[in-house]
Amino acid sequence: MKIGEVCLETNDVVTLSDFYRWLLNVPSESNDEIHQTIICEETMLTIYNDGTQKDNDNRIYLRQNNQ
C-alpha cells in the first residue's frame, strides 16, 4: 500500500507547515495561514485550518494512492 495524501487539521497552519518542511527538507514556498500543501516524492501532505477551534486530538486522514 502507498499513501497518496495525508491531511492534518490545525489552528496554526504556518507553524505546522514550517515544521514538516524542515523535517522533510522541502523548500518553503507558501505562507498561507489557511491551507498549505507539501509534496515529498509520491506523498502529498496537506495542512489545513477549516476555521474551527481544534482540541488536542489531531485529525489525520489517509488516502490510498491507487497508481
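Keep in mind that this is a model prediction, so the values were computed, not measured.

Quick notes on the rules
- Residues numbered from 1 in each chain as written.
- Predicted model: local features only at pLDDT ≥ 70, side-chain atom pairs only at ≥ 80, totals over all residues.
- Heavy atoms only, no water.
- Helix = DSSP H or I, 4+ residues; strand = E, 2+ residues; numbered from the N terminus.
- Buried < 20%, exposed > 50% of the residue type's maximum accessible area, 1.4 Å probe, protein only.
- Contact = heavy atoms within 4.5 Å.
- Areas by Shrake-Rupley, 256 points an atom, 1.4 Å probe, with all protein chains shown as cover.
- Polar contact = N/O pair within 3.5 Å; in protein donor to acceptor, adjacent residues only side chain to side chain.
- pLDDT = per-residue confidence, 0-100.
- Core = buried A, V, L, I, M, F, W, Y, C linked by side-chain atoms within 4.5 Å.
- Phe/Tyr/Trp six-rings, centres within 6.5 Å; stacked < 30°, edge-to-face > 60°.

Student: Would you take a moment to explain the overall build of the protein for this structure?
Tutor: Of regular secondary structure, the protein possesses 1 helix and 4 strands. Each helix and strand of the protein, placed in order from N terminus to C terminus, yields the pattern β-α-β-β-β. The buried share of the protein, taken over its 67 residues, is 27%. A separation threshold of at least 6 residues defines the contact pool for the protein, and within that pool the share at least 24 residues apart is 55%. Approximately 5,100 Å² of the protein is accessible, and the part contributed by carbon and sulfur atoms is 49%.

Student: Hey, could you run me through the environment of Glu5 in this one?
Tutor: Here Glu5 shows up in strand β1 (residues 3–9). Taking the C-alpha atoms as reference points, Glu5 and Met44, separated by 39 residues in sequence, lie 4.7 Å from one another. At a separation of 2.9 Å, a polar atom in the side chain of Glu5 contacts the side chain of Thr46.

Student: Quick question: what am I supposed to make of the confidence of the model for the protein here?
Tutor: Where the model shows low pLDDT, its predicted coordinates should not be examined in detail. Residue-level pLDDT values for the protein average 78, and 78% of them are 70 or greater. Averaged pLDDT values for the elements of the protein fall to 55 in strand β4 (residues 60–64) and rise to 87 in helix α1 (residues 13–24).

Student: I tried to follow unusual backbone geometry on my own but got confused; where do I start?
Tutor: A positive phi angle, near 55°, is found at Asn25, a position not held by glycine. By secondary structure assignment, the location of Asn25 is in the loop between α1 and β2 (35–40).

Student: What should I look at first to understand the nonpolar core in this one?
Tutor: One recurring pattern in soluble globular proteins is that nonpolar side chains are buried together. Counting residues in hydrophobic clusters, the biggest one holds 7 residues: Val6, Leu8, Val13, Val26, Ile38, Leu45 and Ile47. Sorting the residues of this core by element identifies β1 and β3 (43–48) as the ones contributing at least two each. When residues no more than four places from it in sequence are discounted, the contact partners of Leu45 are Val6, Leu8, Tyr20, Gln36, Thr37 and Ile38.

Student: Where do I start with the packing of aromatic side chains in this structure?
Tutor: Given two aromatic rings, one states the distance between the centres and the angle between the planes to describe the pair. Tallied over the full model, the rule gives 2 aromatic pairs. With 6.1 Å between their ring centres and 35° between their planes, Phe19 and Trp22 make a pair best called tilted. Note that Phe19 and Trp22 are positioned in helix α1 at a spacing of 3 residues, about one turn of the helix. Residue classification places Trp22 among the exposed positions, given a relative accessible area of 63%. Taken together through their ring pairs, the aromatic side chains of Phe19, Tyr20 and Trp22 make up a single cluster.

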